[in-house]
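Coordinate analysis (summary)
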Amino acid sequence: MEWSVPGYTEVRQLGSGGSGRVVLAVHDDTGADVAIKYLSERVRREPGALAAFRAEAELLTTLVDPHIARMWEYVQEPEGAAIVMELVNGVSLRALLRENGTTGPEAALVVLKGSLLGLERAHAAQLVHRDYKPENVIVRDDGVSKLVDFGIAVRQGTATRATGTPPYMAPELWSGEPASPATDVYAATVVFFECLTGHRPYRSTESHVLGYQHLHAPVPVHDAPEEMRELIGRGLAKDPAERPTSAAAFVTEVEEAAVAAYGEEWEERGRRRLAALVAMLAFLLPLPQAPPPAAGSTFFRTVFDAARRNSRRLLVGGAAAVVAAGATLYVLAGAQQPPATTVDTVAAAPSLSPELPSPASLPSEISETGGGAGEQGGAPTDEPTGEPTGEAGGEASGSPDPDPATSEAPNPDPETTPTAKPPTPKPTPTPTPTPTRTPTPTPTPTPTPKPPTAVSALNVGKLTVDAGFLSSATVSLRTSGAGAVTIIARFSVDGQVVRTATSQVRGALSYTRTFSHNLGEGACGKTVRLTVSTSPAAPGGRTRVSAAVPACPTDVTGLRVSLDMAEAPGRAVTARVSVATNGTGAVGLRAAFALNGERVSTTSASLSGRDAYAKDVTHTFARRPCGGTVTVTVRAGGRQATASAAVPCEAAVRQVSVARASLNARGRATAVVSVTATGTQPVRLSVTFTLAGGAQHTESLDLSGQTAYTRTVSFTFAGTPCGSAWGVTASTSPAAANGSDSAGGKTPACRPQTETESPKPDDQRPDTDNSTPDLGLGR
């Protein structure tokens, strides 16, 4: 029997692989459908596998986004480990492509945009997915796609071995460089290309050939529709620095290209197309298509929270229900419960069921009050969409119900209140008048008062802050009746309330309102929070969402660069860059190396956290560019600096040296000279003998065919005056790396002559041979 997560009933297996299996299960307390990813027993016993599995769970806690499959909880016991996740009732993009070949341009654009939005959330958490591919994109039956499987995600800039699915790996992964957001942009564009054309841009089955294609082969943009070629070229640029700077930036380019090519309604048509493709594969859906459930997400949250309080698991989300910020993990060992380990998670509001009734298309009353200094104005947008939708126990009438809080008594229903009419008296003969009978009026029944309207569900969507510091979020509301409900929204920056806005709604059972506020530049780098409450109160009270305001823009105030080339025979060139800024925000740095005017490499980096930086950027040539000129161009924050260096060639002769030099009594000087060359090319050796500071003789020898030589050269001076300096100097052509070398000494000092001494003629002195002691020794 395989271990299963307590508290869930497994329905059937959805898939399996080498690392484990995924099953469809039902949460026993709530009846919610979930997907459970089990780590296989074989993998669990491998060193580090369990830690990696838990790291994936902890990573998923930080990713709360409509375009990413959410994680509900992580369970680890002695018998096994599992991740409980949101069940995405859809079909993989791979299955759609396998069945249909292509999706069509508009549907492909919808998939690309949704994926980029999910990747944007990961990149904001400093994470790179690294394994984006059609198998990891699930398309729901409404055409919305979600990103799954962050099993090999890494922190941005982390240098690891090349990992991923080869057909979708960016060039930098093939060359061993760190992954960056541009890596995911490349993979998303490969999938976009495949959706458009039915095949990947590079299709070799040999790994080394495929790697070469990603690194060097031209992008086959002509296989794609003409309107999409520029977009594909941008996303598949070989140099990461030439791709869009982020997934968010690429979303903007995608939307602009889509509108230009297919008009404003492209996204709606593309989503309908995806929904139709999924419908044709409905038999692959984990769950059959069903109408929206009557029970709302609030009930699920209440029951799930109760279960959580008695649980020994890490709860990190809510299936339209649970939100854990700083969840707790208990790893069970036998019957003893160890101390809890806190896992930091990102707080997020629970999302309502996507099948909420459409909001009413009715007017509402809005009022706002300022909440602090620096208020810039801006009002909540109050543009309801759709028509009122009735629910069990509610009214679908187009007339709003009276507000019980302000009406003294409900008006009777004219269709059900009878009207008393007196009967017409019968005529009687005049002589015998009959008195008219007074009719008894029928009493008006008192109508039963309707129950007060209550808020049954409150959801606040993601709080966003755009480049202009405009913060906004959408509030969804569901009520039990059509009476008046007041929505109160408060914006605060670092705990200080800066704006309060209210919106009163009535006349329907569901509403959607967007609240916005311009924070101004004074909020940059801080945290903005939106707190939403209702009157009457919603279950669970108020709801809060937060967002980080982009850091204040940082400008580069100074940029300098110098270039150092390694000494021969070195092949590395180093650019030493100095950057000064007026803030600590992120600054992009790009250094491009060129040889004789042709670019050879580009390196990008992000600097942040300080206002002054010193960074070395190095490029290593395959061989030393002897005689060439290397140039580096550095750009940062709109500034540019350039430096150049000439590369000297390595000397043909590495060294020349006088190993030994001597002078005997007969004036014969002898030198032993060594020459070391870099090759076998001809070298001319010159040895010059000097006496008393003057050159007496130069001996030249031609050397070739070897890389090391030793030669003995001799010369006899015509005379060797006592106390005179003598020497030997050796040099080569071409010149040696050390130039030349010398050795020498002095002849014996002169002795004073006496009157009784007379010098003997030379012919009376005894001859000396090579065994005669030297008069001077150079080395």
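Residues numbered from 1 in each chain as written. Predicted model: local features only at pLDDT ≥ 70, side-chain atom pairs only at ≥ 80, totals over all residues. Heavy atoms only, no water.

1. Notes on the overall build of the chain
Each helix and strand counted, the chain has 11 helices and 37 strands in total. Counting every position in the chain, which comprises 779 residues, the buried fraction comes to 43%. Restricting to contacts in the chain with at least 6 residues of sequence separation, those with at least 24 account for 65%. (Helix = DSSP H or I, 4+ residues; strand = E, 2+ residues; numbered from the N terminus. Buried < 20%, exposed > 50% of the residue type's maximum accessible area, 1.4 Å probe, protein only. Contact = heavy atoms within 4.5 Å.)

2. With respect to helix α7 (residues 207-216)
Where α7 is concerned, the buried positions are Leu210, Gly211, Gln213 and His214. The buried residues of α7 occupy an angular sector of 160 degrees when the element is viewed end-on, so they sit on one face. Across from the buried face of α7, at angles greater than 90 degrees, the exposed residues are His208, Tyr212 and His216. Tucked inside the fold, the buried residues of α7 contact α5 (171-174) and α6 (181-197). (Arc of directions from axis to C-beta.)

3. Observations concerning the packing of aromatic side chains
Counting across every chain of the model gives 4 aromatic pairs. Ring centres of Trp3 and Tyr38 lie 5.8 Å apart, and the angle between their planes is 90 degrees; on these two criteria the pair is classed as edge-to-face. Note that Trp3 is positioned in the segment before β1 (8-16) and Tyr38 in strand β3 (residues 33-39), a separation of 35 residues in sequence. Judged by relative accessible area, Trp3 falls into the buried class, the value being 16%. Here Tyr38 falls in the buried class, since its relative accessible area comes to 5%. A centroid spacing of 5.7 Å and a plane angle of 35 degrees characterise the contact between Phe689 and Phe715, whose relative ring orientation is tilted. One end of the pair, Phe689, is in strand β32 (residues 683-691); the other, Phe715, is in strand β34 (residues 708-716), and 26 residues separate them in sequence. Assessed through its relative accessible area of 19%, Phe715 is described here as buried. An aromatic cluster is built from Phe689, Phe715 and Phe717, whose rings are joined through pairwise contacts. (Phe/Tyr/Trp six-rings, centres within 6.5 Å; stacked < 30°, edge-to-face > 60°.)

4. Some details on the sheet that holds strand β24 (residues 572-581)
Think of a sheet as strands paired side by side through backbone hydrogen bonds, with each pair either parallel or antiparallel. The strand order across the open sheet formed by 3 strands is β23-β24-β27, and the pairing between neighbours is antiparallel. A single partner strand is all that each edge strand has here, and the edge strands are β23 (556-565) and β27 (612-620). On average, each strand axis in the sheet is inclined to that of its neighbour by 15 degrees, with strand direction left out of account. Alignment of β24 against β27, held across 9 bridges, turns out to be antiparallel. Among the inter-strand pairings, Val579 is bridged to a residue of β27, identified as Tyr613. (Pairing = 2+ DSSP bridges. Axes fitted to C-alpha atoms, helices over the stretch in contact; angles between N-to-C directions.)

5. Observations concerning the pattern of salt bridges
Once their charged atoms are close, side chains differing in charge can pair, the charge on each being opposite to the other. For the structure shown, the criterion picks out 24 salt bridges. A salt bridge links Glu41 to Arg44; the nearest nitrogen and oxygen atoms lie 2.9 Å apart. Taken together, the residues Glu41 and Arg44, both in helix α1 (residues 41-44) and 3 residues apart, mark about one turn of the helix. The class for Arg44 is buried, based on a relative accessible area of 17%. The partner of Glu172 in a salt bridge is Arg243, with the nearest N and O atoms 2.8 Å apart. Of this pair, Glu172 sits in helix α5 while Arg243 sits in the loop between α8 (229-235) and α9 (247-262); the two residues are 71 residues apart in sequence, bridging distant segments of the chain. On the accessibility criterion, Arg243 (2% relative accessible area) is buried. One network of salt bridges, in which partners are shared, links Arg94, Glu135, Glu194 and Arg200. (Salt bridge = Lys/Arg side-chain N within 4 Å of Asp/Glu carboxyl O.)

6. Focus: unusual backbone geometry
Residues Ser535 and Pro536 are joined by a peptide bond in cis, for which omega reads 0 degrees. Within the fold, Pro536 resides in the loop between β21 (527-535) and β22 (543-548). Backbone geometry at Asn596 places phi at a positive 55 degrees, although glycine is not the residue there. Note on placement: Asn596 falls in the loop between β25 (587-595) and β26 (598-607). We classify Asn596 as exposed; its relative accessible area is 55%. Even without a glycine there, the phi angle at Ala692 is positive, about 55 degrees. Mapped onto the fold, Ala692 is located in the loop between β32 and β33 (694-703). For Ala692, a relative accessible area of 57% corresponds to the exposed category.

7. A word on the sheet that holds strand β6 (residues 90-92)
Spatial ordering of the open sheet is given by β6-β8-β9, a layout of 3 strands whose pairing is antiparallel. A single partner strand is all that each edge strand has here, and the edge strands are β6 and β9 (145-147). Mean inter-strand twist for the sheet, computed between neighbouring axes without regard to direction, equals 30 degrees. With 3 bridges connecting them, β6 and strand β8 (residues 137-140) associate as antiparallel partners. Counterpart to Ser92 in the pairing with β8 is Ile138. Running at roughly 35 degrees to β9, helix α4 (residues 105-124) makes contact with β8 and β9 of the sheet.

8. So, the state of the cysteines
Put plainly, a disulfide is one covalent bond tying together the sulfur atoms of two cysteines. Tallied over the full model, the rule gives 1 disulfide. Shown here is the disulfide that connects Cys722 with Cys750, its sulfur atoms set 1.4 Å apart. Between Cys722 and Cys750, the S-S torsion sits near 85 degrees, and that sign places the bridge as right-handed. Remark: Cys750 occurs in the loop between β36 (739-746) and β37 (774-777) and Cys722 occurs in the loop between β34 and β35 (725-736); sequence separation between them is 28 residues. Its relative accessible area of 36% is what places Cys722 among the partly exposed residues. (Disulfide = S-S within 2.5 Å.)

9. Focus on the UniProt feature "binding site: ATP" (unreviewed entry) in the chain
When the UniProt feature table is mapped onto this chain, "binding site: ATP" (unreviewed entry) is found at Lys37. Tracing the backbone through its elements, the reader meets Lys37 in strand β3. Filtering out sequence-adjacent residues up to four positions away, Lys37 remains in contact with Arg21, Val22, Phe53, Glu56, Ala81, Ala82, Ile83 and Asp149. (UniProt positions renumbered as here; feature names shortened; annotations may be inferred.)

10. Description of the pairing of β8
Burial of the side chains of β8 extends over both faces: Val137 and Val139 are buried on one face and Ile138 and Arg140 on the other. Where β8 and β9 come together, 3 bridges link them in antiparallel fashion. When the sheet's bridge partners are listed, Ile138 is paired in β9 with Lys146. Here β8 folds back onto β9 in antiparallel fashion, the turn holding 4 residues, of which Gly143 has a positive phi close to 90 degrees.

11. Describing the environment of Val647
With respect to the helices, strands and loops of the structure, Val647 is situated in the loop between β29 (639-646) and β30 (653-664). The spatial distance from the C-alpha of Val647 to the C-alpha of Arg624 is 8.1 Å, given a sequence separation of 23 residues. When neighbours within four sequence positions are excluded, Val647 is seen to be in contact with Met565, Arg624, Pro625, Cys626, Gly627, Gly628 and Val630.

12. Thoughts on a positive patch on the surface
Positive charge collects at one region of the surface, where Arg490, Arg529, Arg542 and Arg544 lie side by side. For Arg544, the location among the structural elements is in strand β22. Since its relative accessible area comes to 43%, Arg544 is described here as partly exposed. (Patch = residues over 30% accessible without salt bridge, like charges linked within 9 Å, V, L, I, M, F, W, Y side chains within 5 Å. Areas by Shrake-Rupley, 256 points an atom, 1.4 Å probe, with all protein chains shown as cover. Lys, Arg positive; Asp, Glu negative; His and termini not counted. Charge placed at Lys NZ, Arg CZ, Asp CG, Glu CD.)

13. Section: the nonpolar core
If you look at the biggest cluster of nonpolar residues, it comprises 72 residues, and the most contacted ones within it are Tyr132, Phe192 and Ile232. Per-element accounting of this core gives the leading share, 10 residues, to α6. Structurally, this core is a two-domain feature, drawing no fewer than three residues from each of domain 1 (1-87) and domain 2 (88-284). In this structure Tyr132 touches Val111, Ser115, Leu119, Val137, Leu147, Tyr168, Ala187, Ala188 and Val191, once residues within four positions along its chain are discounted. (Core = buried A, V, L, I, M, F, W, Y, C linked by side-chain atoms within 4.5 Å. Domains from an automatic or database assignment.)

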